[in-house]
Amino acid sequence: MTIETALGIIGYPIGHSISPLFQQAALDRLSVPHRYRAYEVHPDSVGDFVASLRSEDALGINVTVPHKEAVMPFLDDIDDWAAEAGAVNTIVNREGRLTGYNTDGYGFLRALTDEGDLDPAGKRVLVLGAGGSARGVVQALVRAGVGRLDIANRTLARAESLAELAQQRNVPAGATPLDPGQLSEAAEAADLIVNCTSLGMRHGPDETASPLTAPQIPSGSLVYDLVYNPMLTPLLQEAQLAGAKTLGGISMLVYQGAASFELWLQRPAPVSDMMDAALAAMRAREAETQ
Ligand SMILES: NC(=O)c1ccc[n+]([C@@H]2O[C@H](COP(=O)([O-])OP(=O)(O)OC[C@H]3O[C@@H](n4cnc5c(N)ncnc54)[C@H](OP(=O)(O)O)[C@@H]3O)[C@@H](O)[C@H]2O)c1
């Protein structure tokens, strides 16, 4: 028997999400009889939807744009990472009590260490962008004991406030405009470069743009692009030209989902099955758009 209301993801819109594909692959792999569904929930209905998760049939839900902050007032408890990020991407129902988590930063770190083979402790990192995802990334890097952070953003004030957050936790940090001329110094010194802007994202503000060019990227660095559609972004192409190691955003997407799965089901997630399903879904989408 398939339980219909156990798990899923809410967003508005939600049609683009590949979470149902890789979460269902994980459930099927472990023969867990639940269906993971996508729910398009209008912002006016978020409170009612969250209340319905207290039902004994519901294990919990993933939360995506634009509801990550809006769900918070309807929860009983918020864990540390979510409170610090000011956003929830996972809700767990335990006997009618709802707890909000944020697995984005944790997923980012696990992908970095397991797929990118890089421990950020003591490393010098350039973060491009200062929006919601950059906040989670900076939070994770600070927790992991990064050595120095440079944050570059189009709106400098947002980079400055993220840099201040890092400084308050005793991490040396600076802010610069997202301007190729002013980025070179921080890029040259970086062990790790993380793109948290929407540049290069399909249907985004500038699909063909890369925040850095190959001559600015050190060959010994790892370049990690959170953008996962397309899988090979303009920045990752530049990084490959520079001879740097690269990591695409699918890895973070899968690891944050795996962490949610483990919170709901209290058992290890089959990460490689989830990764295979996510990559297959993205390849199919890319084939459709060609
Ligand atoms: N792989 C994953 O699991 C994962 C998770 C989360 C997000 N993402 C991806 O990460 C990207 C950012 O997401 P987000 O949630 O952080 O979005 P967000 O909160 O809207 O932030 C967008 C960021 O991109 C910058 N930006 C937007 N348009 C720009 C332009 N034309 N030129 C220069 N900078 C520009 C913004 O700068 P301003 O501050 O100046 O506006 C801001 O820093 C998206 O592509 C998203 O799909 C991936």
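These numbers were taken from a predicted model, which means no experiment stands behind them.

On to the site of the ligand, then. With respect to spatial proximity, 22 residues lie near the ligand, and among them Gly132, Ser133, Asn153, Thr155 and Arg158 are the closest. Arg158 places a polar side-chain atom, nitrogen or oxygen, 2.7 Å from an oxygen atom of the ligand. Note that a nitrogen atom of the ligand is positioned 2.9 Å from one of the backbone N or O atoms of Leu226. Protein coverage of the free-state accessible area of the ligand, which is 930 Å², stands at 77%. Of all the secondary structure elements, the ones that give two or more residues to the shell around the ligand are helix 5 (132-143) and helix 9 (250-265). When the residues that make up the shell around the ligand are grouped by side-chain class, the tally is 11 nonpolar, nine polar and two charged.

Scanning all chains against the criterion turns up three aromatic pairs. With centroids separated by 6.1 Å and ring planes inclined at 50°, the aromatic side chains of Tyr36 and Trp264 adopt a geometry described as tilted. Pair noted here: Tyr36 is in strand 2 (residues 34-40) and Trp264 is in helix 9, with a separation of 228 residues, a long-range link. Taken individually, Tyr36 and Trp264 each receive the classification buried, so the pair is uniform in this respect. Where Tyr39 meets Phe49, the ring centres are 5.1 Å apart and the plane angle is 55°; that geometry is what we call tilted. In this pair, Tyr39 sits in strand 2 while Phe49 sits in helix 2 (residues 46-52), placing the two residues 10 residues apart along the sequence. Across from the ring centre of Trp81, 4.2 Å away, lies the NZ or CZ of Arg143, which sits over that ring.

As a further point, take the domain arrangement of the protein. What the domain assignment reports for the protein is domain 1 (3-102 + 251-289) and domain 2 (106-248). Computed from C-alpha atoms alone, the centre-to-centre distance between domain 1 and domain 2 is 25 Å. With 17 residues of domain 1 in contact, the opposing surface of domain 2 contributes 21 residues. Both sides of the domain 1 and domain 2 interface together cover about 1,900 Å² of buried area, and 59% of this is carbon and sulfur. When residues of domain 1 are sorted by the area they lose upon contact with domain 2, Trp81, Glu84 and Tyr255 head the list and together hold 38% of the total. Applying the counting rule to domain 1 against domain 2 returns two salt bridges. The salt bridge partner of Glu84 is Arg143, with a shortest N-O separation of 3.1 Å. Put simply, domain 1 and domain 2 have seven residue pairs in polar contact (both at pLDDT 80 or more) between them. Listing elements by their share of the side of domain 1 that touches domain 2, those giving two or more residues are helix 3 (80-85), helix 9 and helix 10 (271-289).

The rules behind each value
- Residues numbered from 1 in each chain as written.
- Predicted model: local features only at pLDDT ≥ 70, side-chain atom pairs only at ≥ 80, totals over all residues.
- Heavy atoms only, no water.
- Near = heavy atom within 4 Å.
- Polar contact = N/O pair within 3.5 Å; in protein donor to acceptor, adjacent residues only side chain to side chain.
- Areas by Shrake-Rupley, 256 points an atom, 1.4 Å probe, with all protein chains shown as cover.
- Helix = DSSP H or I, 4+ residues; strand = E, 2+ residues; numbered from the N terminus.
- Nonpolar A, V, L, I, M, F, W, Y, C, P; charged D, E, K, R; others polar.
- Phe/Tyr/Trp six-rings, centres within 6.5 Å; stacked < 30°, edge-to-face > 60°.
- Buried < 20%, exposed > 50% of the residue type's maximum accessible area, 1.4 Å probe, protein only.
- Lys NZ or Arg CZ within 6 Å of the ring centre and 35° of its normal.
- Domains from an automatic or database assignment.
- Contact = heavy atoms within 4.5 Å.
- Buried area = accessible area lost by both parts, 1.4 Å probe.
- Salt bridge = Lys/Arg side-chain N within 4 Å of Asp/Glu carboxyl O.

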